[in-house]
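Chain by chain, the residues run as shown.
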Amino acid sequence: MRVNGVASAEKKLAMSVLEPQEVAGPQIEIMARIGMVNYINTAPIYEPWKRRGIDFGWQVEEAPPATLNKKLAAGELDLGFVSCIEYGLHPWLYRILPDLSISANGPVGSVFLFSKIPIKELDGQLVLLSSQSDTSVLLTKVVLEEFFGVKPRYVKGEVAGEYRVECAALLAIGDDALRLVEEGAFDYQLDLGETWKEHTGLPFVFAVCAVREDFCAAQPVMLGSIHRRFIECREEGRSRLKDICMIAAPRIPMEVADCFAYLKGIEYDLADEKRVALERFFGYLIQRGEIDPGALPLKMHSFVK
Ligand SMILES: C=C(O[C@@H]1C=C(C(=O)O)C=C[C@H]1O)C(=O)O
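Residues numbered from 1 in each chain as written. Predicted model: local features only at pLDDT ≥ 70, side-chain atom pairs only at ≥ 80, totals over all residues. Heavy atoms only, no water.

The protein chain is annotated in an unreviewed UniProt entry as Chorismate dehydratase from Desulfopila aestuarii DSM 18488. The annotation that UniProt attaches to the protein chain under Function (unreviewed entry) is "Catalyzes the dehydration of chorismate into 3-[(1-carboxyvinyl)oxy]benzoate, a step in the biosynthesis of menaquinone (MK, vitamin K2)." The annotation that UniProt attaches to the protein chain under Catalytic activity (unreviewed entry) is "chorismate = 3-[(1-carboxyvinyl)-oxy]benzoate + H2O". (UniProt positions renumbered as here; feature names shortened; annotations may be inferred.)

Okay, here's the thing in structure tokens:
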């Protein structure tokens with residue numbers, strides 16, 4: 001018994017050394033590092049993609065937009081959905097992939113300036129800007145200063161953090177904003193997609209799918225496959241939106257019907273009018289000295305047929 005025991009213990013030891021190599025098989029080489037915004041607004045693309053299975057060699061990183069922006073700029077990601085302003089700030093680093101965005105043509109439902117006082121009275125008051133956002137932070141400044149003519153003081157931070165009590169208003173985006181709408185804790189709320197539309201007559205593009213120039217050069221064929229996958233998944237997501245809302249709604253949590261109404265309003269294309277809208281937004285930012293005039297014209301990637 002004892003001998004057998006030792007023998008089987010030895011066998012186990014030998015197996016435990018061998019097993020990981022035997023089961024791991026060949027190492028998967030990561031060939032594309034892709035960023036996805038970790039809000040439910042990407043579910044209509046991301047859920048169909050996960051259901052099909054993420055393709056071998058593609059690694060997806062989920063994070064809030066501001067984190068993805070930094071990683072893409074640092075070369076820790078190759079491409080992904082990032083704040084459109086990330087492109088505007090470093091246009092020499094990227095190209096924009098055609099026909100993809102996260103945008104809204106009117107109310108967006110998840111980018112709000114929540115306020116304790118009327119928006120027109122925010123002059124000189126403290127406004128907390130979500131540290132998860134880069135685009136909507138600048139959109140807030142355009143809306144307040146250019147459209148409403150008020151100049152508050154700004155502070156960046158987490159919307160649930162220390163400034164929440166002190167500030168007169170706060171900008172929240174994505175899932176945080178959806179939760180604050182559910183809470184109904186503020187007397188005033190300004191939907192920034194809606195306000196932009198009222199003042200410009202245009203949709204607003206919150207995020208683009210930006211790809212690093214070095215990746216475009218190194219992996220043109222794979223880039224084509226990734227782009228096709230995004231478009232296929234978006235089409236599937238559109239046709240299965242109700243199912244997707246059943247998965248996405250509990251993450252807030254919100255009613256499935258409200259989730260459906262919300263996600264129906266989010267658009268994922270980059271049609272001509274949206275490119276015009278991006279140019280208009282960047283135009284405001286160039287005028288304000290927030291970005292360099294080199295951000296225009298937009299550098300779109302074109303796939304060779
Ligand atoms: C519509 C939204 O757009 C988001 C807003 C972003 C920003 O402000 O930088 C970036 C990515 C988008 O996912 C949202 O999150 O609600």
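Asks: Mind laying out the site of the ligand, listing which residues take part and the relevant values?
Replies: Around the ligand, the surrounding shell holds 17 residues, and the nearest of these are Ser 83, Ser 110, Ser 133, Thr 135 and Ser 136. A distance of 2.6 Å separates an oxygen atom of the ligand from a polar atom in the side chain of Ser 83. Interatomic distance of 2.6 Å between a side-chain N/O atom of Ser 136 and an oxygen atom of the ligand. Considered on its own, the ligand offers 380 Å² of accessible surface; in the complex 100% of this is hidden by protein. When grouped by side-chain class, the residues that make up the shell around the ligand number 9 nonpolar, 7 polar and 1 charged. In terms of domain composition, the shell around the ligand takes at least three residues from each of domain 1 (32-105 + 204-295) and domain 2 (111-200). (Near = heavy atom within 4 Å. Polar contact = N/O pair within 3.5 Å; in protein donor to acceptor, adjacent residues only side chain to side chain. Areas by Shrake-Rupley, 256 points an atom, 1.4 Å probe, with all protein chains shown as cover. Nonpolar A, V, L, I, M, F, W, Y, C, P; charged D, E, K, R; others polar. Domains from an automatic or database assignment.)

Asks: So what's going on with a nonpolar patch on the surface? Which residues, and what values?
Replies: Taken together, Ile 28, Ile 30 and Phe 56 make up a surface patch of nonpolar side chains, about 350 Å² in accessible area. Tracing the backbone shows Ile 28 in the loop between helix H1 (2-24) and strand S1 (32-37). (Patch = residues over 30% accessible without salt bridge, like charges linked within 9 Å, V, L, I, M, F, W, Y side chains within 5 Å. Salt bridge = Lys/Arg side-chain N within 4 Å of Asp/Glu carboxyl O. Helix = DSSP H or I, 4+ residues; strand = E, 2+ residues; numbered from the N terminus.)

Asks: Kindly report on the packing of helix H2 (residues 43-52) against helix H11 (residues 241-248), identifying the contributing residues and their values.
Replies: Between H2 and H11, the least distance of the axes is 10 Å, while the angle of their chain directions is 90 degrees. Compared by their axis directions, H2 and H11 come out roughly perpendicular. Contact with H2, carried on its side by Ala 43, Pro 44, Glu 47 and Pro 48, involves Leu 241, Ile 244, Ile 247 and Ala 248 of H11 and no other residues of that element. Its residues assigned to classes, the contact of H2 with H11 shows 7 nonpolar, no polar and 1 charged. (Axes fitted to C-alpha atoms, helices over the stretch in contact; angles between N-to-C directions. Parallel < 35°, antiparallel > 145°, perpendicular 65-115°, else oblique. Contact = heavy atoms within 4.5 Å.)

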